[in-house]
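Listed here are the chains, written in short residue letters.
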Amino acid sequence: MREQTMASGLDSLERQDNWEYLVMTVSPRDSLPEVRRRVVEHAEYGKWELQRSILYRGGARRYWLRRRVMRVRSTLGL
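Residues numbered from 1 in each chain as written. Predicted model: local features only at pLDDT ≥ 70, side-chain atom pairs only at ≥ 80, totals over all residues. Heavy atoms only, no water.

Re the overall build of the protein chain
Here comes step 1: The number of helices and strands found in the protein chain is 2 helices and 4 strands.
Here comes step 2: Secondary structure elements in the protein chain, listed N-terminal to C-terminal, are β-α-β-α-β-β.
Here comes step 3: In the protein chain, which comprises 78 residues, the proportion classed as buried is 24%.
Here comes step 4: Relative to all contacts within the protein chain whose residues are 6 or more apart in sequence, the contacts with residues 24 or more apart total 49%. (Helix = DSSP H or I, 4+ residues; strand = E, 2+ residues; numbered from the N terminus. Buried < 20%, exposed > 50% of the residue type's maximum accessible area, 1.4 Å probe, protein only. Contact = heavy atoms within 4.5 Å.)

Description of the nonpolar core
The nonpolar side chains of a soluble globular protein tend to be buried, and buried together.
Here comes step 1: The biggest cluster of nonpolar side chains holds 8 residues, and these are Leu22, Met24, Val26, Val35, Val39, Trp48, Tyr63 and Leu65.
Here comes step 2: At the level of secondary structure, the elements contributing two or more residues to this core comprise β2 (19-26), α2 (32-45) and β4 (61-68).
Here comes step 3: Sort the elements by how many residues they give to this core and β2 lands first, with 3 residues.
Here comes step 4: Sequence-distant contacts of Val39, defined by excluding residues within four places in its chain, comprise Met24, Tyr63 and Leu65. (Core = buried A, V, L, I, M, F, W, Y, C linked by side-chain atoms within 4.5 Å.)

Such coordinate-based values are descriptive only and should not be taken to indicate function.
So this is what it looks like as structure tokens:
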């Protein structure tokens, strides 16, 4: 199982639609209950939501999870 984090593209930054993406690629030999547990853990504790899942020919799977990027403004008076 491989996880890859990506930021949203430049076009989405112009729209103020800021998402952070996590792509999980799963081989056919990985157990499905283990993969399901990992996706649920990311969703519950990392505030990720499942955007897309694909089952490829041969049994490989890929999951796209996303979450909003939190922009925090400084409360210090500078």
